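Secondary and tertiary structure notes
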Amino acid sequence: MKITKEEFGLGATLICLTNQKGNSISFSNLGARVVAWEVTGRNILRSYKTAREYLEKDPYCGATIGRVAGRIKAAYLKINNQEFNLQKNEGEQTLHGGEESFETKLWRFESFESETSASVTFSLISNHMENGFPGKLEVKVTYSYDDEDNWTIDYEALSDQDTSFNPTNHVYFNLNQSKKEDISNHFLEMSASRYLSLKNEEKVDGQIKEVTGTDFDFQSAKLLSKIFESQESELLNFDGLDHPFLLDEVSLEKTQATLSLDDLSLRVKTDRPSLVIFTANFKGVDILEQESHKSITFESQVAPGAESNPELGDISLKAGEKYQSRTIYQVKIGE
Ligand code: GAL
């Protein structure tokens, strides 16, 4: 394994991990983000070339998201009977931890390499009451890459007060050789028999529903063009998928989602209970319109809304208790 570093602009660094096959993945400390993943000469991610481009176009692209990924209804949390009013950055809601959160910060980093794997650990301190969240929070995100083309993400965190924490990574995939092509030719398969239906414009108050018999059924591989052609009202309203899927089995031993195109496939394993699938629905967003449906996310996390619906999982983090979670993305060719 080999690690190289170069400047990425705005004081940020680009760190590239290359394996024995010559495949590589690069990260930047701006937002502890993944920037590009080159597999047999093809970049399979939605990427920009400089730190400035990320900040100007889409700071969430490839970034670590926190403190709480997704939307928090009415920007309001109740922890130990104490009320917290968070920063609102999408209408009445808090999206992805509020404005200028993890994704825009310059994280500290250290890299490590061995014969068979290489890794980089990014760390950040999020101050007490940052964007309204209680507790001084120390966050670490370690990205490792190996000769089997596994990109492993390990999250760790520690807070000095009881708080809420639910991070994810906002990586966007497009397996086409040419990024001018959208993802409608990709197949998606997921071991998720339930999803959250998000009826209203605000995309909160999700209702758990069965996928069977609906256009949200990916229990066997389905072409994504079906989603973009669907007449289902939520898919039409949101212009594609922007939904949490509840995984049937929370296990790192099993592939829970597979995205494939011809002989290339991306496999996702996570110990989080859900994957938020967003098909880059950017229609009408001036600067990103031409990127609409050109990529897809697999945001592993507890589904948004858990603060008011315990059925979705628990995002509370107790003072002094260590948070740990892992997600693995693996690329396979010809299998
Ligand atoms: C997703 C979210 C989308 C959009 C996107 C960021 O996680 O579900 O609605 O906000 O992040 O562009």
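The preceding data block contains the structure.
The written sequence of each chain sets the order in which its residues are numbered from 1. Totals for whole chains, interfaces and linings use all residues, but because this is a predicted model, local features are given only for residues with pLDDT of at least 70 and pairs of side-chain atoms are given and counted only at 80 or more. Side-chain numbers come from the whole structure's heavy atoms, not from hydrogens or water.

**What to know about the overall build of the protein**
Helix numbering and strand numbering both begin at the N terminus, where a helix is a DSSP run of H or I of at least 4 residues and a strand a DSSP run of E of at least 2. On a plain count of helices and strands, the protein comes out with 3 helices and 29 strands. Each radius of gyration is computed over the set of C-alpha atoms, and the globule rule expresses the reference value as 2.2 Å times the number of residues to the power 0.38. Compactness check: the protein gives a C-alpha radius of gyration of 19 Å against a globular reference of 20 Å for 335 residues, within 12% of the reference. By residue count, 57% of the 335 residues in the protein fall in the buried class. Throughout, a residue-residue contact means that at least one pair of heavy atoms, one from each residue, lies within 4.5 Å. When contacts within the protein are restricted to residue pairs at least 6 apart in sequence, those whose partners lie at least 24 apart make up 63%. To be clear on the numbers: accessible area is Shrake-Rupley with a 1.4 Å probe, and residue cover counts the displayed protein chains and nothing else. Entry remark: accessible area of the protein is about 14200 Å², with carbon and sulfur atoms responsible for 44%. Averaged over its 36 positive side-chain charges, the protein has a centre that lies 1 Å from the centre of its 54 negative ones. Using a 1.4 Å probe on the protein chains alone, a residue whose accessible area is under 20% of its type maximum counts as buried, one over 50% counts as exposed, and one in between counts as partly exposed. For this count, His and the chain ends are skipped, Lys and Arg are scored as positive, and Asp and Glu as negative. In plain terms, the charge of a residue is placed at NZ if it is Lys, CZ if Arg, CG if Asp and CD if Glu.

**Examining the nonpolar core**
What makes a nonpolar core is a set of buried Ala, Val, Leu, Ile, Met, Phe, Trp, Tyr and Cys residues whose side-chain atoms join them at distances within 4.5 Å. Counting 59 residues, the largest nonpolar core has Trp37, Trp151, Phe173, Phe245, Phe298 and Tyr329 as the members making the most contacts within it. Non-local contacts of Phe245, meaning those with residues more than four positions away in its chain, are made with Met190, Ala192, Arg194, Tyr195, Val211, Phe216, Phe218, Pro273, Ser274, Leu275 and Ile277. Residues Val68, Leu77, Leu196 and Ala303 belong to the second largest nonpolar core, which totals 17 residues.

**Describing the site of the ligand**
One heavy atom suffices: a residue is near a molecule or strand as soon as one of its heavy atoms comes within 4 Å of it. What surrounds the ligand is the set Tyr60, Arg71, Leu95, His96, His170, Tyr172, Lys203, Asp242, Phe278 and Glu299. Distance and chemistry together define a polar contact, namely a pair of N or O atoms within 3.5 Å, with one atom able to donate a hydrogen and the other to accept it when in protein, and with adjacent residues in sequence counting only for side-chain atoms on both sides. Note that an oxygen atom of the ligand is positioned 2.7 Å from one of the side-chain N or O atoms of Arg71. Within the side chain of His96, a nitrogen or oxygen atom sits 2.9 Å from an oxygen atom of the ligand. Class assignment of the residues belonging to the shell around the ligand gives a composition of 4 nonpolar, 2 polar and 4 charged. When residue character is reported, Ala, Val, Leu, Ile, Met, Phe, Trp, Tyr, Cys and Pro are called nonpolar, Asp, Glu, Lys and Arg charged, and the others, Gly included, polar.

**Digging into the pattern of salt bridges**
Whenever a carboxyl oxygen of Asp or Glu lies within 4 Å of a side-chain nitrogen of Lys or Arg, that contact is scored as a salt bridge. Under the counting rule described, the total for this entry stands at 14 salt bridges. In this structure, the salt-bridge partner of Lys88 is Glu92, at a minimum N-O distance of 2.8 Å. For Glu92, a relative accessible area of 48% puts it in the partly exposed group. Among the ionic pairs, Asp271 bridges to Arg272, the shortest N-O distance being 3.1 Å. Given the relative accessible area of 22%, Asp271 is considered partly exposed. We classify Arg272 as buried; its relative accessible area is 15%. Connected through salt bridges with shared partners, the residues Arg46, Asp58 and Glu291 form a single ionic network.

**Examining the packing of aromatic side chains**
Between 30 and 60 degrees the pair is tilted, below 30 it is stacked and above 60 it is edge-to-face, where a pair is any two Phe, Tyr or Trp rings, Trp via its six-membered ring, whose centres lie within 6.5 Å. Using the criterion set out here, one finds 22 aromatic pairs in the structure. Where Phe102 meets Trp107, the ring centres are 5.6 Å apart and the plane angle is 90°; that geometry is what we call edge-to-face. Each member of the pair Phe102 and Trp107 is classed as buried. One aromatic cluster is present, built from ring pairs that chain together Phe27, Trp37, Phe109, Phe122, Tyr143, Tyr145, Trp151, Phe173, Phe298 and Tyr329. Only when the NZ of Lys or the CZ of Arg is both within 6 Å of the ring centre and within 35 degrees of the ring normal is a charge said to sit over the ring. Over the aromatic face of Tyr172 sits the side chain of Arg46, whose NZ or CZ is 4.5 Å from the ring centroid. Between Lys222 and the ring centre of Phe218, over which it is positioned, the NZ or CZ distance is 4.7 Å.

**A short note on the sheet that holds strand 1 (residues 2-9)**
Strand pairing is defined by DSSP finding a minimum of two bridges between the two strands. Strands sit in the order 1-2-3-4-5 across an open sheet of 5 strands; the sheet is antiparallel. The sheet is open, and its two borders are formed by strand 1 and strand 5 (42-43), each paired with just one other strand. The pairing of strand 3 (residues 24-28) with strand 4 (residues 33-39) spans 5 bridges and is antiparallel. When the sheet's bridge partners are listed, Ser26 is paired in strand 4 with Ala36.

**Comments concerning the environment of Glu249**
Take Glu249: it is sitting in the loop between strand 22 (242-246) and strand 23 (257-261). The exposure class assigned to Glu249 is partly exposed, which follows from its relative accessible area of 39%. Sequence separation between Glu249 and Phe102 is 147 residues, and the spatial gap between their C-alpha atoms is 29 Å. The residues touching Glu249, leaving out its near neighbours within four places in the chain, are Lys254 and Gln256.

**Description of unusual backbone geometry**
The linkage connecting Gly66 with the following residue, Arg67, adopts the cis geometry, with an omega of 10°. With a phi close to 40°, Thr40 is a non-glycine residue in the positive phi region. Take Thr40: it is sitting in the loop between strand 4 and strand 5. The phi torsion at His293 lies on the positive side, around 60°, for a residue other than glycine. Inspection of the secondary structure assignment puts His293 in the loop between strand 25 (274-278) and strand 26 (296-297). We classify His293 as buried; its relative accessible area is 11%.

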